[in-house]
Amino acid sequence: MSEPPSPAFGTGYAGRTKYDAARAARYAARPARRDAEEWGVVARLLADVTFPRTVLDAPCGTGRIAARFLARGAAVRLADLSPDMLALARATADAAGDRAGPVLGVERLDLEETPPADAPRHDLVVCLRFLHHLGTEALRARVLASLAARSAARVIVSFHHPV
């Protein structure tokens, strides 16, 4: 029997994603400084390893981190549960144009679900600003397993917990 959705998201798909069009637009308008700081951490984590050729950014939100990987030539798949965030991510990927790495896809992905056996695997899976939204340790463990199953090498996650 599966665990109920996180209390932070309510029940059912509509309740599980709080990023409707208005919230997604506010998220997209956040200061660029925050994205730069977050990218700085990711870049430091990757400094001593071969830069990934393929990246899964999930949940991708507006595509802010995916855009940084695209600009460096990585092939990137952007995935999110929110249709409104995916629309913004698609616009970010489209804006990268020919001067960037290829976009492998922009798609809906529920990280709580077990990936199918034939799910694409990526050199790097990035999951930022998400795990703290999940209400239980068991749910976080399930999502981490889902992320690991989609990676051929590395997973980078962030977890914010107000102490």
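Computed from a prediction, not measured in an experiment: that's the story for all the values here.

**Details of the pairing of strand β2 (residues 75-80)**
With respect to burial, β2 is a largely interior element, 6 of its 6 residues being buried. Judged by which residues are buried, β2 turns out to be covered on both faces: Ala75, Arg77 and Ala79 on one side and Val76, Leu78 and Asp80 on the other are all buried. Bridge analysis of strand β1 (residues 54-57) against β2 gives 4 bridges, and the strand direction is parallel. Bridge assignment links Asp57 to a residue of β2, and that residue is Leu78. Remark: the β1/helix α4 (residues 64-71)/β2 crossover connection has right-handed handedness. Where β2 lies against strand β3 (residues 103-108), 5 bridges are found, and the strand directions are parallel. The partner of Ala79 across the bridge, within β3, is Glu107.

**Examining the pattern of salt bridges**
Tallying each qualifying case throughout the model produces 8 salt bridges. With a closest N to O distance of 3.3 Å, Arg129 and Asp35 form a salt bridge. Residue Arg129 is found in the loop between β4 (122-127) and α6 (137-149), and its partner Asp35 is found in helix α3 (residues 32-46); the two are separated by 94 residues along the sequence. The burial state of Arg129 is the same as that of Asp35; both residues are buried. Here Glu38 makes a salt bridge to Arg129, at a shortest N to O gap of 3.1 Å. You can see Glu38 sitting in helix α3 and its partner Arg129 sitting in the loop between β4 and α6, a full 91 residues away along the chain.

**Notes on the pairing of β4**
Of all 6 residues in β4, 6 are buried; the element is thus mostly enclosed. As paired strands, β1 and β4 are joined by 3 bridges and run parallel to one another. If you follow Leu56 over to β4, its bridge partner there is Val125. Where β4 lies against strand β5 (residues 151-157), 5 bridges are found, and the strand directions are parallel. Within the sheet, the bridge partner assigned to Val125 lies in β5 and is Val155. You can see the chain leave β4, run along α6 and come back into β5, and the turn it takes is right-handed.

What counts, and at which threshold
- Residues numbered from 1 in each chain as written.
- Predicted model: local features only at pLDDT ≥ 70, side-chain atom pairs only at ≥ 80, totals over all residues.
- Heavy atoms only, no water.
- Buried < 20%, exposed > 50% of the residue type's maximum accessible area, 1.4 Å probe, protein only.
- Helix = DSSP H or I, 4+ residues; strand = E, 2+ residues; numbered from the N terminus.
- Pairing = 2+ DSSP bridges.
- Right-handed = clockwise from strand over helix to strand, strands pointing away.
- Salt bridge = Lys/Arg side-chain N within 4 Å of Asp/Glu carboxyl O.

All quantities given are derived from atomic positions and should not be read as evidence of function.
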